[in-house]
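# Inside the fold
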Amino acid sequence: MKNHNEIINMKKNILLCLGIMSLFFFMAAEAQAEEWCDEDSCCVDETTFYAKILSGANFLQNTAIERNKSTYQTGYMIAGSLGYCWRYGLCLEAEYAFRRNNIRKIHFFGQGFSNHGHFQTSSYMANLLWDLPLSSWGCAFWNIQPFIGAGIGYDLQHMHSSNSRIVFNQKWNHFSWQLMAGLAYPIFCNTEITLEYKFHQGGCHFFNHSVGVGLVYKFGFDFLR
Amino acid sequence: MKIKCITLALVTATVNLFGGHSSPYRCEMSGNELEADIIVVGGGAAGCIVMNQLSEKGQFSVIGIEAGPNLTNDPAIQAVGLPAFLLAGTGKAKYFWPGWNQTLPMPGLNGRTSDWTTGMLLGGGSSINGLYYGRGSNAMYSLWESISGSSNWSLANILATFNALEHYQGLTITPGARGNKGSLSVLQTPTISQVTTQVLLPASQAAFPGIPTVLDYNDPSVQNCIDPRAQWFIDPTGTQRASSATAYLNSTVMTPEGQGVNGHKLFMLFNSVAVKIIFDKHGRAKKVQYIKDGKLFEARAKKAVVLASGINSSKLLQLSGIGPSQALKNAGIKPVFINENVGKHLQNHPLIFITLVANPAENGIPPGAPYAFTINSVYLPVVGGSSSDPRMLQILFEYIPANALVPTPLVAVGFDLLNPKSEGSVTIQSDNPFQIAAADDGFYQNPVDLENMKNAVKVYIRDLLTQLAIIEPPFYLPVPGDPIYGVIFDGFSDKSVEAYVKNNSNLSLDVHHFTSHCKMAPLNAGGVVDGDTRVYGTENVFVADDSICPVIPDINTAAPAMMIGLRSSQILKRVLHK
């Protein structure tokens, strides 16, 4: 019952964050779109390399690994990626992401429990992204570019906790996968800001929901052609 | 006020810096498993010492698995004197292993069984035994090196280990022959009782004329002897039991809950029964399964598993797939290594009691030593042998004051065969770890043992009773109804003596001196472990308890078990650091 309530609370937090960040993003987008991306400016799709950094909140679902049950506090995620975009909005990127959540409570099988510790993951991912062609569908919206994507990769995970009797340390190495969706908005000719959501699963126990804001830099962009 | 606070802070910091305090050791855990370098199974007479020694100075992390609780502070356990709970039937069943109640019927005892109750608490048998301290003779220990095939167990190494163990307070014969810096308090009875001086000592000296009366029956130079001053597992004040738990797992080593302090990387699991060792395909032990509160757990051993479980060591090996092929097959256990010697070659001391009526006018309690209920000890060679021959018989005289149940003071004369050749066995019956193993002491299966015991009755006991009868008649005669009267009235005939021996060995009190069922010897000579105490067929499983004795010690086996614990620890430190 307690776990169920925590899942509901986590979902509420995700929705709240999404709402606040979306509002902020749309307000900024509206203001800056007028300034930078008028019809004579540079915001045109181009095949190019890009780099991205992303940071935000990470929500890790409760886990029950064999007979150790754990719940987690809201944590953080920070990621960086290098990618290449082709025409038609298809992009391929290599991503490194680091996620860390403090443990709210962990039960050690036969050895009591703890309210301390953390779980962290380093993910090495290959992602395929697709910019949805809203303009060709006739529903362009303030130069906001929505995108979706998916990735596969490998997770290096580490959980650490302790109480007065034991020190818990466990490492796992797992294949992982993720789905993502987001919105990108050009703030300069070679720079975009993004708002993203990622669902990331590492192994069969760890389900992450990440919401963050990113900054994309496009290399060799052709200003004012 | 500020100055006071600053002073207090400085004092506290200084105490913490130099006071040797450390936070209790916390065990590593990964997944569902606790893990450590070494898992020691059994916190008994030997196991407590192994746990202490291997975990000290943080050289190895150690998980200790003990089936019983830590009752070191239980007043009944601390008490000295005649232990009222030597038998489970006295209402202290909580101190004893359930399931080991009875052996198989033994032909040597005319089909009777023997009670195998053993201690199930920290300290094991050393926490519940009769407190009598004995090392054993040089003649017996000098066999250990040749039988084990290893100089690890030379007589010199064994004597040095006893010295390292002991903090002896008593009379000595040979300077430096006894230890005085060890952790284990050994207290010699400082006085001699009136009953001993006036009756038991003169009767013994008259009955056994070639046997010297000595100051210290544990001196390495002493073989057979008469000694009126028993030595005890008792603290220097004479008020509390000294066990391997109080000596080696006390508050300077661990918390009452079992977490190591002062540099000991020790983590105890109490009330936890080890049920199986898990091996990889190369014969390397990886984990130990144990049951606590009805749940099955596993603990991971990174370097080694050490069994110090006493009578359960050979049982646990068999449950883990190391044992006789037929036993494993019958139990449905997949073999890890077939060794027909596991559980075999068990030895024990058959014991007979004769109860005498003491003179109420004489005090049997040594002055100032109310704990000293054994008031005379005699060690004898085979009948017709000399005082320097190997020991064959131990006679202990125990004084029982008059009480509500016994209106007259008594002297119990217990005599047991110290050098049995007979061998018993421990064999599992199924893969259920809680099912009692099929076991027996094998008493008198070797005709030499029966002959030795019969001769002891015919000569030693007859002569002793004769001498006792003439000192203060009608006192110091056997109580009416004592079975020895049947032998006396029959003129100590061979037939009546044999019947007496078979019918009365281990009748009123069983001896819990089980040894040698994981014998240390070459594999083709009956061995289960080698001279490093490593179990044949495994890389990293060791046994360190009385079960590895190459031959049974010719004395009570608690002190030899502690010697084995300490000596094995020294060997294991060297082996595991390689």
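Throughout this document, residue positions are counted from 1 along each chain, in the order its sequence is written. Working convention: letters from A go to chains and numbers from 1 go to ligands, in the order in which they are written. Given that this is a predicted model, residues contribute local features only at a pLDDT of at least 70 and side-chain atom pairs are listed and counted only at 80 or more, while totals for whole chains, interfaces and linings are drawn from all residues.

## Quick look at the overall build of chain A
Note on conventions: DSSP H or I runs of at least 4 residues are helices, E runs of at least 2 residues are strands, and numbering of each starts at the N terminus. Along chain A, the regular secondary structure elements total 1 helix and 11 strands. Secondary structure elements of chain A, listed N to C terminal, follow the sequence α-β-β-β-β-β-β-β-β-β-β-β. Each residue is classified by how many other C-beta atoms fall within 10 Å of its C-beta atom, where C-beta atoms are placed from the backbone; a count of 20 or more means buried, 12 or fewer means exposed, and values in between mean partly exposed. Per-residue burial over chain A gives 31% buried out of 225 residues. Placing C-beta atoms from the backbone, we regard two residues as in contact once those atoms come within 7 Å. Considering only contacts within chain A whose residues lie at least 6 apart along the sequence, 65% involve residues at least 24 apart.

## A few points about the sheet that holds strand S14 (residues 351-357) of chain B
Residues and elements named next belong to chain B. One open sheet accounts for 5 strands, arranged S6-S15-S16-S17-S14; its pairing is antiparallel. In the strand order of this sheet, the two ends are held by strand S6 (225-227) and S14, each with one partner. Going across the sheet, the axis of each strand differs from the next one's by a mean of 15 degrees, ignoring polarity. Bridge count between strand S15 (residues 374-380) and strand S16 (residues 393-400): 6 bridges; the pairing is antiparallel. The residue bridging leucine 380 from the neighbouring strand is leucine 393, located in S16. In the packing of helix H7 (residues 194-207) onto the sheet, contacts are made with S6, S15, S16 and strand S17 (410-417), and the angle to S15 comes to roughly 10 degrees. Lines fitted to C-alpha atoms define the axes here, with helix axes fitted over just the stretch in contact, and angles between the N-to-C directions of these axes take values from 0 to 180 degrees. Its contacts with the sheet put helix H11 (residues 447-471) on S14, S15, S16 and S17, and the angle it makes with S17 is roughly 155 degrees. Strands qualify as paired when DSSP identifies two bridges or more between them.

## With respect to the nonpolar core
Under the definition applied here, buried Ala, Val, Leu, Ile, Met, Phe, Trp, Tyr and Cys residues are grouped into a nonpolar core through C-beta atoms within 7 Å. Ranked by size, the top nonpolar core spans 182 residues in total, and within it Ile39, Val305, Val306 and Met562 of chain B carry the most contacts. Domain segmentation is taken from an automatic or database assignment of domains. Of the residues that make up this core, three or more belong to each of domain 1 (28-70 + 119-153 + 242-347 + 422-433 + 511-578) and domain 2 (191-228 + 351-419 + 445-504) of chain B. Counting 9 residues, the second largest nonpolar core, distinct from the first, contains Tyr50, Cys85, Leu195 and Val216 of chain A.

## Things to note about the sheet that holds strand S7 (residues 231-232) of chain B
Residues and elements named next belong to chain B. Taken in spatial order, the 3 strands of this open sheet run S4-S5-S7, and their pairing is mixed. The open sheet is flanked by strand S4 (166-169) and S7, the only strands paired with a single partner. Both S4 and strand S5 (residues 184-188) contribute to a ladder of 4 bridges, which runs parallel. Within S5, the residue paired with histidine 167 across the bridge is serine 185.

## Quick look at the domain arrangement of chain B
Residue and element names in this part refer to chain B. In terms of domain boundaries, chain B breaks down into domain 1 (28-70 + 119-153 + 242-347 + 422-433 + 511-578) and domain 2 (191-228 + 351-419 + 445-504). Distance between the C-alpha centres of domain 1 and domain 2: 35 Å. Considering only residue class, the side of domain 1 that touches domain 2 consists of 5 nonpolar, 4 polar and 2 charged. The nonpolar class holds Ala, Val, Leu, Ile, Met, Phe, Trp, Tyr, Cys and Pro. Asp, Glu, Lys and Arg form the charged class, and all remaining residues, Gly among them, are polar.

## Comments concerning the confidence of the model for chain B
The share of residues in chain B with pLDDT of 70 or more is 94%, and the mean pLDDT across the chain is 93. Along the chain, pLDDT gives the predictor's confidence residue by residue, from 0 to 100. Per-residue pLDDT stays below 50 along residues 15-20 of chain B; that stretch engages in 2 contacts with residues further than four places along the chain or on separate chains.

## Structural notes on H11 of chain B
Residue and element names in this part refer to chain B. To estimate how far a helix should extend, the number of its residues minus one is multiplied by 1.5 Å. The first and last C-alpha atoms of H11 sit 36 Å apart over 25 residues, in line with the 36 Å expected at 1.5 Å per residue. Here the bend at a residue is taken as the angle between two axes, fitted respectively to the seven residues that end there and the seven that start there. For H11, the principal kink sits at valine 457 and spans about 30 degrees. Looking at H11, one finds that the buried residues are Asp449, Leu450, Asn452, Met453, Ala456, Val457, Ile461, Leu464, Leu465 and Leu468. On its buried face, H11 sits against H7, S14, S16, S17, helix H12 (484-489) and helix H13 (494-504).

## Let's talk about the interface of chain B and chain A
If you look at the interface, chain B gives 12 residues, while chain A gives 14 residues. At the level of secondary structure, the elements contributing two or more residues to the side of chain B that touches chain A comprise strand S1 (27-30) and strand S11 (295-307) of chain B. Top contributing element to the side of chain B that touches chain A by residue count: S1 of chain B, with 4 residues. Considering only residue class, the side of chain B that touches chain A consists of 4 nonpolar, 4 polar and 4 charged. Examined bridge by bridge, strand S9 (residues 166-188) of chain A and S1 of chain B share 3 bridges and lie parallel to one another. Looking at the pairing, phenylalanine 168 of chain A lines up with methionine 29 of chain B of S1 of chain B.

## Concerning helix H9 (residues 311-319) of chain B
Summarising burial for H9 of chain B: 9 of the 9 residues are buried, a large majority. Three or more residues of H9 of chain B are buried, namely Ile311, Asn312, Ser313, Ser314, Lys315, Leu316, Leu317, Gln318 and Leu319 of chain B.

## Quick notes on unusual backbone geometry
All names here are of chain B. Following proline 473, the chain continues into proline 474 via a peptide bond in cis, with omega recorded as 10 degrees. If you trace the backbone, proline 474 turns up in the loop between H11 and H12. Even without being glycine, phenylalanine 492 reaches a positive phi, approximately 55 degrees. Assignment of secondary structure puts phenylalanine 492 in the loop between H12 and H13. In this structure phenylalanine 492 comes out as partly exposed when scored by C-beta crowding, with 17 C-beta atoms within 10 Å.

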